[in-house]
Amino acid sequence: MKADVTTLAATKAGTVELSDEVFGLEPRADLLHRMVNYQLARRQAGTHKTKGRSEISLTGKKFVKQKGSGGARHGDRKAPQFRGGGKAFGPVVRSHAIDLPKKVRALALRHALSSKAKSDNLVILEDTNVDAPKTKALKDAFGKLGLKSALFIDGAEVNENFALAARNIPNVDVLPVQGINVYDILRREKLVLTKAAVESLEARFK
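Now for a look at the structure at hand. (Residues numbered from 1 in each chain as written. Predicted model: local features only at pLDDT ≥ 70, side-chain atom pairs only at ≥ 80, totals over all residues. Heavy atoms only, no water.)

### Considering the sheet that holds strand 1 (residues 2–6)
Put simply, the rule is: We treat two strands as partners when DSSP finds at least two bridges between them. Strands are runs of DSSP state E lasting at least 2 residues, helices are runs of H or I lasting at least 4, and numbering of each runs from the N terminus. Axis lines are fitted through C-alpha atoms, for helices just across the contact stretch, and the angle between N-to-C directions can take any value from 0 to 180 degrees.
On the basis of which strands lie adjacent, the open sheet formed by six strands has the order 2-1-3-6-4-5 and mixed pairing. Where the open sheet ends on each side, the last strands, each with one partner, are strand 2 (12–17) and strand 5 (172–175). Direction aside, the axes of adjacent strands within the sheet are offset by 30° on average. Alignment of strand 1 against strand 2, held across four bridges, turns out to be antiparallel. Note on strand 2: the bridge partner recorded for alanine 3 is valine 16.

Here it is in structure tokens:
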């Protein structure tokens, strides 16, 4: 499939041939859903923690007689029902990560790219070279291109001036091609790939 190439000045810069194996698949919502769950689960810190009754610093002495008090047969004050006692079945430090086969992850990325191509939300940019890190100038350029919410994927290295100018613009993310991922693709309306990024992605999935 062919796609038009544009520049930051909103002028045409020819066309590029996109591989159907990477950009021409029929998107599967189930794969994308599994991949997003996988990414978000791995992102969770899992550092939440409460103390159980065995970790509370209180005496273990039986504080009431077994019989004759007219109350319940309690052992010590560390039980969960008492103020200052341990938490019953509270959260513990753990990993929230789930497993997903490597081939499924790679396929999900191809389906995410294909979903943007099919919905006409894929933009091919010649390059991201700018002379100076000027946020206002870059924001004006995005306005000409109709980009309000976009993920920019550059080649192996992101142009430093472009990254500096774009980081203060809301709803705009900039990543090198190594950092491309399904969640960031789906959370922005437009996906903007440079020609270098397209070449790198097609070589990766060849």
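Still to come is the rest of the account.
### Focus: the nonpolar core
Note the following rule: Here the nonpolar core consists of buried residues drawn from Ala, Val, Leu, Ile, Met, Phe, Trp, Tyr and Cys, with membership extended through side-chain atoms lying within 4.5 Å. Each residue is assigned to one of three classes by its accessible area relative to the maximum for its type, calculated with a 1.4 Å probe on protein chains only: buried under 20%, partly exposed between the two thresholds, exposed over 50%. Every residue pair with non-hydrogen atoms within 4.5 Å of one another is taken to be in contact.
Counting 32 residues, the largest nonpolar core has Leu113, Ile124 and Leu193 as its most contacted members. Per-element tally for this core: the top contributor is helix 3 (residues 102–118), with six residues. Once you skip the residues sitting within four places of it in the chain, leucine 193 turns out to touch Phe23, Leu122, Val123, Ile124, Leu125, Ile153, Val198 and Leu201. Judged by nonpolar contacts, the second largest core, of 14 residues, contains Leu8, Ala150, Ala166 and Ile169.

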